[in-house]
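Close look at the chain arrangement
Now for the letters of each chain:
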Amino acid sequence: REGFSVAVIGDSWVANGKLDGPLADALRENGIRATVISFGDPGAKSKRIYANLVGQGKPSHSSHRILSDPGVRYCIIIAGVNDVMARIGKDFYAYHTYALCQTLRDSGIRVFALEIPEFGTEVQLEVPWYVRYGKLPLYGLLFEEEGDGLESYRRAFLDRLDAEGL
């Protein structure tokens, strides 16, 4: 199978072609010859990644051309880390990531939206023994306790897909 492209759009995880080589190698190892093209916008949240796709973003990060490129058959979306870190809201993330998927599908492109990857480092805090033995993960204190952490963003997107019948 040759003669098609796989697009990768997203944030800094995609920027500067970081994934192009490894993805092309993995495809080639499985007998698939495809061109990998990527459009990464460091620091972008899901809304800006969507704006870049529909031609409303910064020209330097625009991925708009993949919508009219007949060679692009597949698109991988890697987004969400910046949404979580900025506490934008899980519904905001789910809405824009779904809009990305739908726009690509409407252009005849098969979509693979990756789950928001684990990111950052877990910081440990020492707390007095009378509060709790051991250490508490700072990440959990800041995000998961309020139900607006990484898992809630993942769940919100899956719920959106279910609601739309996908």
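Conventions used here
Residues numbered from 1 in each chain as written. Predicted model: local features only at pLDDT ≥ 70, side-chain atom pairs only at ≥ 80, totals over all residues. Heavy atoms only, no water. Phe/Tyr/Trp six-rings, centres within 6.5 Å; stacked < 30°, edge-to-face > 60°. Helix = DSSP H or I, 4+ residues; strand = E, 2+ residues; numbered from the N terminus. Buried < 20%, exposed > 50% of the residue type's maximum accessible area, 1.4 Å probe, protein only. Pairing = 2+ DSSP bridges. Axes fitted to C-alpha atoms, helices over the stretch in contact; angles between N-to-C directions.

The next subject is the packing of aromatic side chains. All chains considered together, the criterion is met by four aromatic pairs. Between the aromatic rings of Tyr74 and Phe112, the centroid separation amounts to 6.1 Å while the plane-to-plane angle is 35°, which identifies the pairing as tilted. Of the two residues, Tyr74 is situated in strand β3 (residues 72-78) and Phe112 in strand β4 (residues 110-113); the sequence distance between them amounts to 38 residues. Overall, Tyr74 belongs to the partly exposed group, its relative accessible area being 26%.

So, about the sheet that holds β3. Strand order in the open sheet formed by four strands is β2-β1-β3-β4, with parallel pairing between adjacent strands. At either end of the open sheet lies a strand with only one pairing partner, and these are β2 (34-40) and β4. Geometrically, the sheet is characterised by an average inter-axis angle of 20° between neighbouring strands, direction not taken into account. Pairing analysis gives four bridges linking β3 to β4, with the strands arranged parallel. Bridging from a neighbouring strand, Ile76 pairs with Phe112 of β4.

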